[in-house]
Amino acid sequence: MNPTDISHPDYFHKVVDCQWACPAHTPVPEYIRLISAGRYSDAYMVNWKSNVFPGILGRTCDRPCEPACRRGRVEDGNVELRKPTTHEDGPKPEPVAICRLKRVAADHKDDVTARMPKAPKQKNGKRIACIGGGPASLTVARDLAPLGYDITVYEADPKAGGFMRSQVPRFRLPESVIDEEVGYITGIGNITVKTGTRVDSLKKVLAEGYDAVFVGTGAPRGRDLDVPGRKEAANNVHIGIDWLASVSFGHIDKVGKKVIVLGGGNTAMDCCRSAKRLGGEDVKVIVRSGYEEMKASPWEKEDAIHEGIPILNYLVPKACKVDGGKLVGMSFEKVKAEYDARGRRSLVPTGEPDQYFECDDVLVAIGQENAFPWIERDAGVEFDKWNMPVVDQATFQSTNPKVFFGGDAAFGPKNIIWAVAHGHEAAVSIDKLFNGEDLKERPLPAVTVMSQKMGIHEWSYDNDISVALRHKVPWQDQKLTLKNIKVEVELGFDAKAGFAEAQRCLNCDVQTVFTPRLCIECDACVDICPMDCITFTENGEEAELRQRLTAPSLRPDQGLYVSEKLRMTGRIMAKDEDVCLHCGLCAERCPTGAWDMQKYLIQMTHAGPGCRKPQRKAA
């Protein structure tokens, strides 16, 4: 293998698995260390720069960072033998509660208003229209307003926030949190939000003289149900996302006693839990797929079950039963999953009798679709065979060079953190467009490297490598939460619990950096490593070398840190990044200082001077 180029910004970026997995690349270990130090406002601002909505995401994020967390991996096996365990003798290891620690920073921070950027008094002469007031558009506005752009946000609802406000129930996300974090953005200046204003023509917006248009309208249309009796039962069959919006804005405040929710995604979980709070006494979720195949996040399913809502699987809607013009029940066909030689699943009838459930209302949450009836097909924006705009996946520019897309409007339904990431990238493109640059030349991240050495055997960070169970977030009493849809269920960590959970972080951004010319090949680092992840051996092809490590590499998708040939024997040092604890024991033991612990902080470059030529060189 060739020596690893640790100067490439992506190498150590990938080693920080949580940050690499986050679409906005939030510096997770950095803000967690700040929480450990009680520096909540600083931790909040680190988050705010990357993900824009720390308080909102600390309650609602889909948490792509947590499955990637090293803590869950290295605890998932015997330290000495490096073999996976069955967990029959104890709880399954859990990742650090990264999402909930984000909320800790938001809940415990001081007033950060003065730390927010302000738009310059002198505008730069460019006017940008953002269609839709959700997370993608608000991110574009936040990134461009401080640069002097004049931003106008068009929002059909009475308040900005998009689906964060209209579709996430208040028992998960209080309105005060949305108001606060949307307010930070609108308070920057140079941002006009036109609420209650529905855009019905892209050509009309372009004719108003905007220099660029960003479309962040989400996926506003819920898929409907097509079964016999659906039309006759129309008054009591509701599209889930529309129903949630009506609940959010106070247009609906009650539901029937018997409620069926169709669908297995997070919207379905929000629907069933909302129905439970609006008078539903018998609320059940019915899904075509198996429980494990449901698209809802595992914790969303668990929360629904915890509130007494059953989830019934492998049932396909067959018909709505109407009696006297009123919905009284639904019938379902029982199916099972069968797989072909390629592993493709088919749902086939079991032959069992249809199952029938009484109901007063049905909430349909079987998916969402994009809808662009307001974009004329002669406005210069091409659409594909699925009626989606043709959008460049790197620049977010459409075939009309002045029109950009982001969030669910760009590539279909995802989540808030993806919408934020899209907004950042679209803002970079818009800024580069008006500075005469190639939009496809994306800016390098900002990289800083700093040794954490405080003394011969002391580092500037703590690393608790013991097995430590994840702390549970306390809940409000169900006697209160199930009676009032506005009472928040999760109470969040207090300062003590937040500190304890933060201590579980393995500081994966503090890297083990090896200097071959200082190594005397004494193997002291090999002896002391608790994970057997360091090997001195002859070089070879990667697949073969991975099998010759002190502990064979179990995950070839994880990096292998390979040094140049060592001067004494010609061997190389190979370290398996997969399970390295970043504990620093190798650097403490090394008699020559060949190992050092260096914090590798990577921050994505957003719109502004940093995204333009000449680009910075990576460290």
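The written sequence of each chain sets the order in which its residues are numbered from 1. Note on the predicted model: pLDDT of at least 70 is required for a residue's local features to be given, and 80 or more for side-chain atom pairs to be given and counted; whole-chain, interface and lining totals, by contrast, use all residues. Just so you know, side-chain values use all the structure's heavy atoms and leave hydrogens and water out.

Sorry if this is basic, but what is going on with the overall build of the protein here?
Secondary structure is summarised from DSSP: a helix means a run of H or I of at least four residues, a strand means a run of E of at least two, and numbering begins at the N terminus for each. The secondary structure content of the protein amounts to 22 helices and 24 strands. The atom set for the radius of gyration is the C-alpha atoms, and the globule formula is 2.2 Å times the number of residues raised to the power 0.38. Its C-alpha radius of gyration of 27 Å places the protein within 12% of the 25 Å reference for a compact globule of 619 residues. Its C-alpha atoms put the protein at 90 × 65 × 50 Å along the principal axes. A burial count over the protein gives 56% of its 619 residues as buried. It only takes one pair of heavy atoms within 4.5 Å for two residues to be counted as in contact. Relative to all contacts within the protein whose residues are 6 or more apart in sequence, the contacts with residues 24 or more apart total 72%. In this scheme, a residue with accessible area under 20% of its type's maximum is buried, one over 50% is exposed, and one in between is partly exposed, where area comes from a 1.4 Å probe on protein chains only.

So what exactly am I meant to see when it comes to the sheet that holds strand 4 (residues 212-215) here?
Paired through backbone hydrogen bonds, the strands of a sheet run either parallel or antiparallel to each other. Spatially, 5 strands are ordered 3-2-1-4-16 in an open sheet, and the strand pairing comes out parallel. Strands at the two margins of the open sheet, each flanked by one partner only, are strand 3 (191-195) and strand 16 (403-405). Taken over all neighbouring pairs, the strand axes of this sheet differ in orientation by 20° on average, direction set aside. Strands are treated as partners if at least two bridges between them are detected by DSSP. Here 5 bridges tie strand 1 (residues 127-131) to strand 2 (residues 150-155), and the two strands are oriented parallel to one another. For C130, the partnering residue across the bridge sits in strand 2 and is V153. In this analysis, axes come from line fits to C-alpha atoms, helices being fitted only over the stretch in contact, and the angle between any two N-to-C directions falls in the range 0 to 180 degrees.

What is the right way to read the state of the cysteines from this model?
Where two cysteines share a covalent bond between their sulfur atoms, that bond is called a disulfide. Cysteine sulfur atoms are paired as a disulfide whenever they come within 2.5 Å of each other. All told, the structure shown has 0 disulfides when counted by the stated rule. For the unlinked cysteine C522, the closest cysteine sulfur is that of C590, found at 6.2 Å. The exposure class of C522 is partly exposed, given its relative accessible area of 41%.

What is the right way to look at the environment of V213 in this model?
Locating V213 in the fold gives a position in strand 4. Distance from V213 to G125, taken between C-alpha atoms, is 15 Å for residues 88 residues apart in sequence.

What is the right way to read the pattern of salt bridges from this model?
Side-chain pairing between opposite charges can occur once the charged atoms of the two side chains come close. Just to be clear on terms, a salt bridge is a Lys or Arg side-chain nitrogen sitting within 4 Å of an Asp or Glu carboxyl oxygen. Using the criterion set out here, one finds 51 salt bridges in the structure. R221 is the partner of E369 in a salt bridge, and the nearest nitrogen-oxygen pair spans 3.5 Å. Taken as a pair, E369 in strand 15 (residues 368-369) and R221 in strand 5 (residues 221-222) lie far apart in primary sequence, 148 residues in all. The class for E369 is partly exposed, based on a relative accessible area of 30%. A relative accessible area of 43% means that R221 is categorised as partly exposed. Look at the salt bridges and you will find they share partners, linking D17, R70, R73, R555, D557 and D578 into a network.

Explanation requested: the side chain of E437 in the structure shown.
Structurally, E437 is set in the loop between helix 17 (416-433) and strand 17 (446-451). Judged by relative accessible area, which is 16%, E437 ranks as buried. There is a polar contact of 2.8 Å between the side chain of E437 and the side chain of K432. Excluding anything up to four places from it in sequence, E437 contacts K432, C611, R612 and K613. Polar contact is defined as a pair of N or O atoms within 3.5 Å, subject to the rule that within protein one atom must be able to donate a hydrogen and the other to accept it, and that residues adjacent in sequence are counted only when both atoms are side-chain atoms.

Honestly, the packing of aromatic side chains in this entry has me stumped. Any pointers?
Geometry of an aromatic ring pair is reported as the spacing of the ring centres plus the angle between the planes. Stacked, tilted and edge-to-face pairs are distinguished by plane angle, under 30 degrees for stacked and over 60 for edge-to-face with tilted covering the rest, among Phe, Tyr and Trp rings (Trp via its six-membered ring) whose centres lie within 6.5 Å. Scanning the entire structure with this criterion turns up 13 aromatic pairs. Arranged with centres 5.8 Å apart and planes meeting at 55°, the rings of F396 and F411 form a pair that is tilted. Of this pair, F396 sits in the loop between strand 15 and strand 16 while F411 sits in helix 16 (residues 408-411), placing them 15 residues apart in sequence. The criterion is that NZ of a Lys, or CZ of an Arg, lies within 6 Å of the ring centre and within 35 degrees of the ring normal, and then a charge sits over that ring. Its end group placed over the ring of Y291, K301 keeps NZ or CZ at 4.2 Å from the ring centre.

Explain helix 19 (residues 495-502) here, please?
In an α-helix there are 3.6 residues to a turn, and that puts residues three or four apart on one side. The complete set of buried residues in helix 19 reads A497, G498, E501 and A502. On an axial view of helix 19, the arc spanned by its buried residues comes to 135°, and they lie on one face. Looking at the buried positions of helix 19, the neighbouring elements they touch are helix 3 (28-36) and helix 8 (98-108). Starting at the helix axis, one direction is taken to each C-beta atom, and the arc is that of these directions.

What should I look at first to understand the pairing of strand 24 (residues 595-603) in this one?
On any regular strand, side chains alternate: one points to one face of the sheet, the next to the other face. Buried residues dominate strand 24, accounting for 8 of its 9 residues. As defined by bridge partners, strand 17 adjoins strand 24 across 6 bridges and the pair is classed as antiparallel. Bridged to V449 within strand 24 is Y600. Across 5 bridges, the pairing between strand 20 (residues 510-514) and strand 24 is antiparallel.

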